[in-house]
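# Secondary and tertiary structure notes
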Amino acid sequence: VQLQASGGGSVQAGGSLRLSCAASGIIFSLYAMNWYRQAPGKERELVARITGDYSTTYRDSVKGRFTISRDNGKKLVYLQMDSLKPEDTAVYYCNAGPNSRGAVYWGQGTLVTVSS
């Protein structure tokens, strides 16, 4: 199983970025896909989740600014991030699962830096 995240970078506050995560080695449509983030000195936190049937959930601090989406045919999950704030600065991780056996898969992180 491989999850390859990309799209991070440095932007000013108010800017936008789109993260992508390409999955391989799993039956993608059967997995909920998640974006987590971890800021320096803080615990990793769930940012957004999209199930196989496209149901979405967001943490309160990103509602109305971030949009998670997926393309099951291309095995891709996206995180569109608008109106970025300095507090959004973190390493963002793509995650798949858990599956019926409880397995969870992680990709490598991609760094997002938002300057004020």
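Below is a summary of the structure that appears in this document. Remember, it's a predicted structure, so these values are computed and weren't measured experimentally. (Residues numbered from 1 in each chain as written. Predicted model: local features only at pLDDT ≥ 70, side-chain atom pairs only at ≥ 80, totals over all residues. Heavy atoms only, no water.)

### Considerations on the state of the cysteines
Under the counting rule described, the total for this entry stands at one disulfide. In this model Cys21 forms its disulfide with Cys94; the gap between the sulfur atoms is 2.1 Å. Handedness here is read from the sign of the S-S torsion; for Cys21 and Cys94, about -85°, the answer is left-handed. Here Cys21 is found in strand 3 (residues 17-24), whereas its partner Cys94 is found in strand 9 (residues 90-96), with 73 residues between them in sequence. Across the pair, exposure class does not vary: Cys21 and Cys94 are buried alike. (Disulfide = S-S within 2.5 Å. Helix = DSSP H or I, 4+ residues; strand = E, 2+ residues; numbered from the N terminus. Buried < 20%, exposed > 50% of the residue type's maximum accessible area, 1.4 Å probe, protein only.)

### With respect to the packing of aromatic side chains
Under the defined criterion, the tally for this structure stands at three aromatic pairs. Over the ring of Tyr93 we find Arg44, and its NZ or CZ is 3.8 Å from the ring centre. We note Arg44 situated over the ring of Trp106; from NZ or CZ to the ring centre the distance is 4.6 Å. (Phe/Tyr/Trp six-rings, centres within 6.5 Å; stacked < 30°, edge-to-face > 60°. Lys NZ or Arg CZ within 6 Å of the ring centre and 35° of its normal.)

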